[in-house]
Amino acid sequence: MIPARTPDESDSQKLQRRNHELSVINAIAEALHREVDLARVLERTLALTTDLFDLQTGWVWLYEDNPDVPVLAAVRNLPPVIENNPDVMDPEDWCTCLDTYLSGDMTGAANVNIITCSRLKGLVNKADGLRYHASIPLYAQEKKLGILNVVSRDWRKLTNDELKLLYTVGDLLSIAIERARLFQRTAALAAAEERNRLAREIHDTLAQGLAAIAFRLETADALLESGQTTDRAHDMVRQALQLAQDNLEEARRSVLDLRAAPLEGRTLADALEALARDTAASAHLQLDFKANRRVMLPPRVEAGLYRIAQEALNNVVRHARASSLTVELLISDEDVRLTMMDDGQGFNAAEPPPDRFGLVGLNERARLLGGVLKLWSAPGQGTYVHVTVPLKK
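Throughout this document, residue positions are counted from 1 along each chain, in the order its sequence is written. The predicted nature of this model means local features are confined to residues of pLDDT at least 70 and side-chain atom pairs, given and counted, to a pLDDT of 80 or more, with totals for whole chains, interfaces and linings taken over all residues. Water and hydrogen atoms were dropped before computing side-chain values, which therefore reflect all heavy atoms in the structure.

Undergrad: What is the right way to read the overall build of the protein chain from this model?
TA: Elements are defined by DSSP. Helices are runs of H or I of four residues or more, strands are runs of E of two residues or more, and each kind is numbered from the N terminus. A tally of regular secondary structure across the protein chain gives nine helices and ten strands. Within the protein chain, contacts between residues at least 6 apart in sequence are counted, and of these 65% link residues at least 24 apart. In this description, accessible areas are obtained by the Shrake-Rupley approach with a 1.4 Å probe, and a residue is regarded as covered only by the protein chains that are shown. Taken as a whole, the protein chain presents about 21000 Å² of accessible surface, with 52% of it coming from carbon and sulfur. Two residues qualify as a contact provided that any one of their heavy atoms is within 4.5 Å of a heavy atom in the partner residue.

Here it is in structure tokens:
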């Protein structure tokens, strides 16, 4: 528990208390800095706050779609009497905490006995000994986000120092909530942009392929009806079949591109490392993965670079016959650099094989990100792919 200030506190005790307070804040700040998923942000904050402050129970109210009615967004260690009586936590019921929060004055609910709390009054003898409950307001500047509630078994009220520390935790949590929500909104925009790109890709590849198939089948039908030799008709059918197989492969690749799950709630570095490890394991490759920073980037950059890596690593598995793979991600304030190398059989980069249609997609993705892709390969000397994407224009 946070050491309480005493009237005759010595300098060493004061220093010890301050160091512990700073360690608590640092632990919570580090945990929140790594999270971009809102549910995990709330869950992690409640876990750390209750553990580090030696509290027992906590919950978070958030205002989302309806600015007047909050949502019970996260709970921790609710006693059975509350879990078995969900009406106790009905957000539409009048409550001292929520009412004073909406009115802009939290003094009435900042540090109250449960007997006084309008929501928990009458449960004190059934709530596993819980006694005092504090409400910490959550704001993003003037915007109301919600309330962090924590409960203690101690009869005493939380000290002013503990409340100040909890308010600091509330500030950190507010920033993390806004960041998580911003990440969700930008991820949705990136997903829409990716869908538009796929629509263009489908039009440029699948639609044209289907038109070519229809043309060859119509030609074959006309040749058969005219009574001419069937050799040309058979040739047209074979061409149509090959086009159908090629377009089926293209359709499968486009469907796989729709899967955005690898980046949900993870940094690009984390998602790339998981992708590289899965690829190396499936192809029995020795992997060397490096990343200098594990931070969030603009969603469109993350999605684009992940797809480039996905396509490049797919080419390694299908064509390279390599024994080792190197993936390196370098992030600076100015740009992101992704490098992938293998020691496989390579190919003539000036005249790539006709089955390497993915190389066109790599260049297109890099160009759409405003970046540059460099590819080097030679027979028997492996392949090197390097992508640079600017972060500031």
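The rest of the description comes next.
Undergrad: What should I look at first to understand the pattern of salt bridges in this one?
TA: In a structure, side chains of opposite charge can pair up when their charged atoms sit close to one another. The term salt bridge refers to a side-chain nitrogen of Lys or Arg lying within 4 Å of a carboxyl oxygen of Asp or Glu. Following the criterion strictly, the structure yields eight salt bridges and no others. The partner of Asp 270 in a salt bridge is Arg 294, with the nearest N and O atoms 2.6 Å apart. Highlighted residues: Asp 270 in helix α7 (residues 268-283) and Arg 294 in the loop between β6 (286-291) and α8 (299-320), separated in sequence by 24 residues. Judged by relative accessible area, Asp 270 falls into the partly exposed class, the value being 28%. In this structure, Arg 337 and Asp 335 form a salt bridge, with 3.4 Å as the shortest nitrogen-oxygen distance. Buried, partly exposed and exposed residues are distinguished by accessible area as a fraction of the type maximum, computed with a 1.4 Å probe on protein chains only: under 20%, between the cut-offs, and over 50%, respectively.

Undergrad: Looking at this model, I keep getting lost on a nonpolar patch on the surface. Mind explaining?
TA: Residues enter a patch when their relative accessible area is above 30% and they make no salt bridge; the linking distance is 9 Å between like charges and 5 Å between nonpolar side chains (Val, Leu, Ile, Met, Phe, Trp, Tyr). Together, Met 341, Trp 376 and Tyr 384 make up a nonpolar patch on the protein surface, roughly 280 Å² of accessible area in all. In this fold, Tyr 384 is placed in strand β10 (residues 383-390). Taking relative accessible area as the criterion, Tyr 384 reaches 30% and is therefore assigned partly exposed.

Undergrad: I tried to follow the nonpolar core on my own but got confused; where do I start?
TA: Across soluble globular proteins, nonpolar side chains have a tendency to be buried as a group. If you look at the biggest cluster of nonpolar residues, it comprises 36 residues, and the most contacted ones within it are Leu 305, Ile 308 and Met 340. Only α7, α8, β7 (324-331), β8 (335-342), α9 (358-368) and β10 provide two or more residues apiece to this core. Element by element, the count of residues in this core is highest for α8, at ten residues. Residues within four places of Ile 308 in sequence aside, it is in contact with Met 340, Leu 362, Arg 365, Ala 366, Leu 369, Leu 373 and Val 387. Within this scheme, the nonpolar core is defined by two criteria: the residues are buried Ala, Val, Leu, Ile, Met, Phe, Trp, Tyr or Cys, and they are joined through side-chain atoms within 4.5 Å. Core analysis: the next-biggest nonpolar cluster, separate from the first, contains 30 residues, Leu 38, Leu 62, Leu 138 and Leu 165 among them.

Undergrad: Help me understand the pairing of strand β5 (residues 143-152) in this model?
TA: The side chains of a regular strand alternate between both faces of the sheet. Along β5, eight of the ten residues are buried, which leaves the element largely enclosed by surrounding structure. Any two strands are treated as partners once DSSP identifies two or more bridges connecting them. When strand β1 (residues 57-62) meets β5, the two strands line up antiparallel, connected through six bridges. Looking at β5, one finds that Trp 59 is bridged to Asn 149.

Undergrad: I tried to follow the packing of α7 against α8 on my own but got confused; where do I start?
TA: To describe two helices that pack against each other, one gives the angle between their axes and the distance between the axes. Every axis corresponds to a line fitted to the C-alpha atoms, with the helix fit spanning only the stretch in contact, and the corresponding angles, defined between N-to-C directions, vary from 0 to 180 degrees. It is the contact of α7 with α8, at a shortest axis distance of 11 Å, that shows an interaxial angle of 10°. Taken together, α7 and α8 sit at an angle that is classed as roughly parallel. Judged by residue contacts, Leu 268, Ala 271, Leu 272, Leu 275, Ala 276, Thr 279 and Ala 283 of α7 engage Glu 302, Leu 305, Tyr 306, Ala 309, Gln 310, Leu 313 and Val 317 from α8. When residues are sorted by character, Ala, Val, Leu, Ile, Met, Phe, Trp, Tyr, Cys and Pro go into the nonpolar class, Asp, Glu, Lys and Arg into the charged class, and all the rest, Gly among them, into the polar class. Among the residues forming the contact of α7 with α8, the class breakdown is eleven nonpolar, two polar and one charged. For this classification, under 35 degrees means roughly parallel, over 145 means roughly antiparallel, 65 to 115 means roughly perpendicular, and everything else is oblique.

Undergrad: Mind showing me how you'd approach helix α4 (residues 96-103) here?
TA: Because each turn of an α-helix spans 3.6 residues, side chains separated by three or four positions end up pointing in the same direction. Burial in α4 covers these residues: Thr 96, Cys 97, Leu 98, Thr 100 and Tyr 101. One or two positions beyond α4, positive phi appears at Gly 104, with a value near 90°.

Undergrad: Honestly, unusual backbone geometry in this entry has me stumped. Any pointers?
TA: Glycine aside, negative phi is the norm for most residues, and most peptide bonds take the trans geometry. You will see that His 284, though not glycine, has its phi angle at about 55°, which is positive. Within the secondary structure, His 284 sits in the loop between α7 and β6. The class for His 284 is exposed, based on a relative accessible area of 71%.

Undergrad: Any chance you could explain the sheet that holds β7 here in plain terms?
TA: Where strands meet in a sheet, backbone hydrogen bonds hold them as pairs that are either parallel or antiparallel. With mixed pairing, five strands are arranged side by side in an open sheet as β6-β7-β8-β10-β9. Two strands close off the open sheet at either side, each with one partner strand: β6 and β9 (372-377). Neighbour to neighbour, the strand axes of the sheet diverge by 5° on average, direction disregarded. Packing of α7 onto the sheet brings it into contact with β6, β7 and β8, and relative to β6 it is tilted by some 175°. Together, β7, β8, β9 and β10 form the strand contacts of α8, whose direction differs from that of β8 by roughly 5°.

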